[in-house]
Amino acid sequence: SAIEMCAGEPPYSNLKPMETFMALHHAAPPQLSDKWSPEFCDFVAQCLQKDPRLRPTAPQLLTHKFIRNAKKTAYLTELLDFHDQ
């Protein structure tokens, strides 16, 4: 998940598996810290909407500001190549 990539571990990773399941089921969806852009935080929050009727569809998410403002994939490839050097 995006939260796992940002935090380096999944939400509730400190809990036992059944406790994690219960926390995910009963608690509000996990959120990103304000360390990340408001657009990215909103995108992740929309993806984690518990009620599927309220969750945006893939075509709707493709029009989200976070996706529309994303750099081209070549930028990421260049960044990864630079990191490997």
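Description of the structure in this document. (Residues numbered from 1 in each chain as written. Predicted model: local features only at pLDDT ≥ 70, side-chain atom pairs only at ≥ 80, totals over all residues. Heavy atoms only, no water.)

1. What to know about the side chain of H64
Applicable threshold: Numbered from the N terminus, helices here are DSSP runs of H or I no shorter than four residues, and strands are runs of E no shorter than two. We call two residues in contact whenever any of their non-hydrogen atoms come within 4.5 Å of each other.
Position of H64 among the secondary structure elements: in the loop between α4 (58-62) and α5 (65-68). Apart from the residues lying within four places of it in its own chain, the contact partners of H64 are E39, D42, F43 and Q46.

2. Re the pattern of salt bridges
In plain terms, the rule: We count a salt bridge whenever a side-chain nitrogen from Lys or Arg sits within 4 Å of a carboxyl oxygen from Asp or Glu. When accessible area is computed with a 1.4 Å probe and restricted to protein chains, residues below 20% of their type maximum are described as buried, those above 50% as exposed, and intermediate ones as partly exposed.
Considering all chains together, one arrives at 2 salt bridges under this definition. Across the salt bridge formed by E39 and K65, the nearest N and O atoms sit 3.7 Å from each other. With E39 in helix α3 (residues 38-47) and K65 in helix α5, the pair connects residues that are 26 residues apart, well separated along the chain. The exposure class of K65 is partly exposed, given its relative accessible area of 41%. As a salt-bridge pair, D51 and R53 come within 2.8 Å of each other at their nearest N and O atoms.

3. So, the environment of A74
Mapped onto the fold, A74 is located in helix α6 (residues 73-84). Classification of A74 as partly exposed rests on a relative accessible area of 42%. A74 sits 68 residues away from C6 along the chain, and the two C-alpha atoms are 21 Å apart.

4. Some details on α3
Let me state the cut-off plainly: Regarding the arc, it is the one traced by the directions from the helix axis to the C-beta atoms.
Every buried residue belonging to α3 is among F40, C41, F43 and V44, and all of these are buried. For α3, the angular spread of the buried residues around the axis is 160 degrees, confining them to a single face. Looking at the packing, one finds that the buried side of α3 touches α1 (2-7), α4 and α5.

5. Section: the nonpolar core
Filter applied, for reference: Buried Ala, Val, Leu, Ile, Met, Phe, Trp, Tyr and Cys residues that are joined via side-chain atoms within 4.5 Å together make up what is termed a nonpolar core.
Among the nonpolar cores identified, the biggest contains 5 residues, and these are I3, L32, F40, C41 and V44. Per-element accounting of this core gives the leading share, 3 residues, to α3. In this structure, F40 is in contact with A2, C6, L32 and F66, ignoring residues within four places of it in sequence.

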